[in-house]
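# Working through the structure, step by step
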Amino acid sequence: QVQLVESGGGLVQPGGSLRLSCVGPGSIFRLNRMGWYRQVPGKQRELVATWSSAGSTNYADSVKGRFTISRDNGKSTTYLQMNSLKPEDTAVYYCNALGVVIAGGYERNYWGQGTQVTVSS
């Protein structure tokens, strides 16, 4: 079973910053994409930012210019630097990984447990 372990959430004032971290499996055959989604009660989970093994990144329009996704090269670890946070960024943030764990296996989607981010004065 693939585990994704998130950390870095918390309470921050509007305009502040937080950095989320997600550590994936130590060994994975092929990691195709990794990133962050968020969800608030009563709404669907939405994409925040992802990176792909092809080298591209993708951001939600609402976070462009404020959030930056990065990764540790060669490791299944990803970070989300969040600056200029707004109250509407308040949500549970989930780490996501899409990949193949062992050679010959199927591509699967994996999720972390989520970390709460609250932006409030």
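Note: the structure precedes this text.
A brief look at the structure comes next. The structure presented is a predicted model; accordingly, all values stated were derived computationally and were not measured.

### Some points on the state of the cysteines
Formally, a disulfide is one covalent bond, and it connects the sulfur atom of one cysteine to the sulfur atom of another. Taken as a whole, this structure holds 1 disulfide when the rule is applied. Each sulfur in the disulfide pair Cys22 and Cys95 lies 2.0 Å from the other. In this structure the cystine formed by Cys22 and Cys95 twists about its S-S bond by roughly -85°; its chirality is therefore left-handed. Pair noted here: Cys22 is in strand E3 (residues 18-23) and Cys95 is in strand E9 (residues 91-100), with a separation of 73 residues, a long-range link. Of the two residues, Cys22 and Cys95, both sit in the buried class.

### A few points about the sheet that holds strand E1 (residues 5-7)
The strands making up a sheet are joined through hydrogen bonds of the backbone, oriented either antiparallel or parallel. Spatial strand order, E1-E3-E8-E7: 4 strands in an open sheet with antiparallel pairing. Unpaired on one side and paired on the other, E1 and strand E7 (67-71) mark the two borders of the sheet. Sheet twist, expressed as the average angle between the axes of neighbouring strands with direction ignored, equals 15°. As paired elements, E3 and strand E8 (residues 77-82) share 6 bridges and run antiparallel to each other.

### Quick look at the nonpolar core
Counting residues in hydrophobic clusters, the biggest one holds 27 residues, and the most contacted among them are Trp36, Leu80, Met82 and Tyr93. At the level of secondary structure, the elements contributing two or more residues to this core comprise E3, strand E4 (30-39), strand E5 (46-52), E7, E8, E9 and strand E11 (115-119). Ranked by residue count, the leading element in this core is E9, at 4 residues. Setting aside residues up to four positions removed in sequence, Leu80 forms contacts with Leu18, Arg19, Leu20, Trp36, Val48, Ala49, Phe67, Thr68, Ile69 and Tyr93.

### Comments concerning the environment of Glu107
Within the secondary structure, Glu107 sits in strand E10 (residues 107-111). Exposure remark for Glu107: the relative accessible area of 45% places this residue in the partly exposed category. Along the chain, Glu107 and Leu31 lie 76 residues apart, while their C-alpha atoms are 9.0 Å from each other. Ignoring any residue separated from it by four or fewer positions in sequence, one finds Glu107 in contact with Asn32, Leu98, Gly99 and Val100.

### Examining the side chain of Thr50
Take Thr50: it is sitting in strand E5. For Thr50, a relative accessible area of 6% translates into the label buried. When sequence neighbours within four positions are dropped, the list of residues in contact with Thr50 reads Arg33, Met34, Gly35, Tyr37, Ser56, Thr57, Asn58 and Ile69.

### Examining the environment of Ala60
Structurally, Ala60 can be placed in the loop between strand E6 (57-59) and E7. Beyond its immediate sequence surroundings of up to four residues, Ala60 is in contact with Leu47 and Val48.

Definitions and limits used
Residues numbered from 1 in each chain as written. Predicted model: local features only at pLDDT ≥ 70, side-chain atom pairs only at ≥ 80, totals over all residues. Heavy atoms only, no water. Disulfide = S-S within 2.5 Å. Helix = DSSP H or I, 4+ residues; strand = E, 2+ residues; numbered from the N terminus. Buried < 20%, exposed > 50% of the residue type's maximum accessible area, 1.4 Å probe, protein only. Pairing = 2+ DSSP bridges. Axes fitted to C-alpha atoms, helices over the stretch in contact; angles between N-to-C directions. Core = buried A, V, L, I, M, F, W, Y, C linked by side-chain atoms within 4.5 Å. Contact = heavy atoms within 4.5 Å.

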